[in-house]
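Spelled out, the chains give:
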Amino acid sequence: MPSILEISGLTKTYPGGLTALKNVDLTIEKGEIFALLGPNGAGKTTLIGAVCGLVRPTSGTILAFGEDMGSHWRRLRARIGLVPQELATDMFEPVLRSVSQSRGLFGLPPAPARIEEILRALSLWDKRDAQVRTLSGGMKRRVLIAKALAHEPELLFLDEPTAGVDVELRRDMWRQIALLRERGTTVILTTHYIEEAEEMADRVGIINKGEILMVDHKQAMMERLGRTEALITLARPLGAVPEVLAAFPVSLTGQGDVLCYRGGGGEGGAAGTTEVAELTKALTRAGIDYTAIDIHESSLEDIFVTLLEADAA
Ligand SMILES: Nc1ncnc2c1ncn2[C@@H]1O[C@H](COP(=O)(O)OP(=O)(O)O)[C@@H](O)[C@H]1O
Ligand SMILES: [Mg+2]
């Protein structure tokens, strides 16, 4: 079975000369939730726009459902849903009509029962007769989601779905996305919230300055690049790292009374905590007393920050 989306060599240079995407390769498999994580200006919206036909690529190819988007745009676009970053919809339409019309745009027959189901799931049913402009910001965003779901897309893009929404709505959206996945919808979301990528995604792609720096399963990314840091407070300061600890990645800090371990990650994988346990045994064997251990595993956030710092250097 072909991948649901296959982007190769995608480059976009805007008329002003700014290159927002540089030779991007990205493959998305059916049924996954993929988070495109990057700071503002990284090129996330441009990437989505290129797939959804809002941005004309400078070069590169985009295959959706195994077919070339460039040649079969209309037919393929009907199988894709987009929740845009900006609130762009007819503010004077009542909610129900606005959402129902989105279906017609893709040439699908009306399906009142399906629309009702979508509106109910998004807590919009009670507001179905209200003009969109009268709704709160969070409710407007729900309308955008309902509109994107109205034609039952197989592939759904959510461009920063929770930027600027309150915590409750964010949790609600995460639940909605999880439900969509259960129905078999493939979801690509962009975010600059690491928490969101960590919570939702199966795989994460980190993008910065138009380049994809890394794509991996979230867990593998954390295991491969994560680090363990342990600060061991010693009962008595040491002048130097004792010979018996030479095999461990440790150094002395403070007044020689804190032993700092930094390890794990790299080829060894998530062995950091195991090694810290070995380290404490070695300390005990050497008769070195300690009074506290503070152990910290790096998160996706640390990885993200480290990657961006390396990219800036
Ligand atoms: N229509 C446009 N014309 C010129 N430059 C643009 C246009 N849209 C976006 N850009 C620039 O392209 C870069 C990527 O923008 P964007 O794709 O919106 O990033 P993100 O969604 O990750 O914040 C930014 O530097 C932005 O200023
Ligand atoms: Mg954007």
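Everything that follows concerns the structure shown earlier in this document.
Residues numbered from 1 in each chain as written. Chains lettered and ligands numbered in written order. Predicted model: local features only at pLDDT ≥ 70, side-chain atom pairs only at ≥ 80, totals over all residues. Heavy atoms only, no water.

Asks: Would you take a moment to explain the overall build of the protein chain for this structure?
Replies: Tallying secondary structure elements over the protein chain gives 10 helices and 14 strands in all. Computed over C-alpha atoms, the radius of gyration of the protein chain comes to 25 Å, more than 25% over the 20 Å expected from 2.2 N^0.38 for 313 residues, which places it beyond the range of a compact globule. For the protein chain, the spread of C-alpha atoms along the three principal axes comes to 80 × 45 × 40 Å. Every one of the 313 residues in the protein chain was classed for burial, and the buried ones make up 46%. Across the protein chain, the fraction of contacts at a sequence separation of at least 24, relative to all contacts at a separation of at least 6, is 68%. Each charge class in the protein chain was averaged separately, 34 positive and 42 negative side chains, and the resulting centres sit 8 Å apart. (Helix = DSSP H or I, 4+ residues; strand = E, 2+ residues; numbered from the N terminus. Rg over C-alpha atoms; globule rule 2.2 N^0.38 Å. Buried < 20%, exposed > 50% of the residue type's maximum accessible area, 1.4 Å probe, protein only. Contact = heavy atoms within 4.5 Å. Lys, Arg positive; Asp, Glu negative; His and termini not counted. Charge placed at Lys NZ, Arg CZ, Asp CG, Glu CD.)

Asks: Even after reading the chapter, I still don't get unusual backbone geometry, so can you show me in this structure?
Replies: Peptide bonds are mostly trans, and most non-glycine residues show a negative phi. Backbone geometry at Phe-65 places phi at a positive 55°, although glycine is not the residue there. When you line up the elements, Phe-65 lands in the loop between β4 (59–64) and β5 (67–68). One non-glycine residue, Glu-160, lies in positive phi territory at about 50°. Counting through the fold element by element, Glu-160 comes out in the loop between β7 (155–159) and α6 (167–182). With a relative accessible area of 3%, Glu-160 lands in the buried category.

Asks: Can you walk me through a nonpolar patch on the surface in this structure?
Replies: The grouping of Tyr-290, Ile-293 and Ile-295 at the surface amounts to a nonpolar patch, some 240 Å² of accessible area in total. By the element assignment, Tyr-290 lies in strand β14 (residues 290–297). (Patch = residues over 30% accessible without salt bridge, like charges linked within 9 Å, V, L, I, M, F, W, Y side chains within 5 Å. Areas by Shrake-Rupley, 256 points an atom, 1.4 Å probe, with all protein chains shown as cover. Salt bridge = Lys/Arg side-chain N within 4 Å of Asp/Glu carboxyl O.)

Asks: Where do I start with the packing of helix α3 (residues 95–105) against helix α5 (residues 137–149) in this structure?
Replies: Each pair of packed helices can be described by the angle between their axes along with the distance between the axes. At their nearest, the axes of α3 and α5 sit 7 Å apart, and the two run at 35° to each other. Once α3 is placed against α5, the crossing between them reads as right-handed. For the pair α3 and α5, the contacting residues are Val-95, Ser-98, Val-99 and Ser-102 in the first and Val-143, Ala-146 and Lys-147 in the second. When grouped by side-chain class, the residues that make up the contact of α3 with α5 number 4 nonpolar, 2 polar and 1 charged. (Axes fitted to C-alpha atoms, helices over the stretch in contact; angles between N-to-C directions. Left-handed = near helix turned anticlockwise from the far one by under 90°. Nonpolar A, V, L, I, M, F, W, Y, C, P; charged D, E, K, R; others polar.)

So yeah, pure geometry; function would need other evidence.
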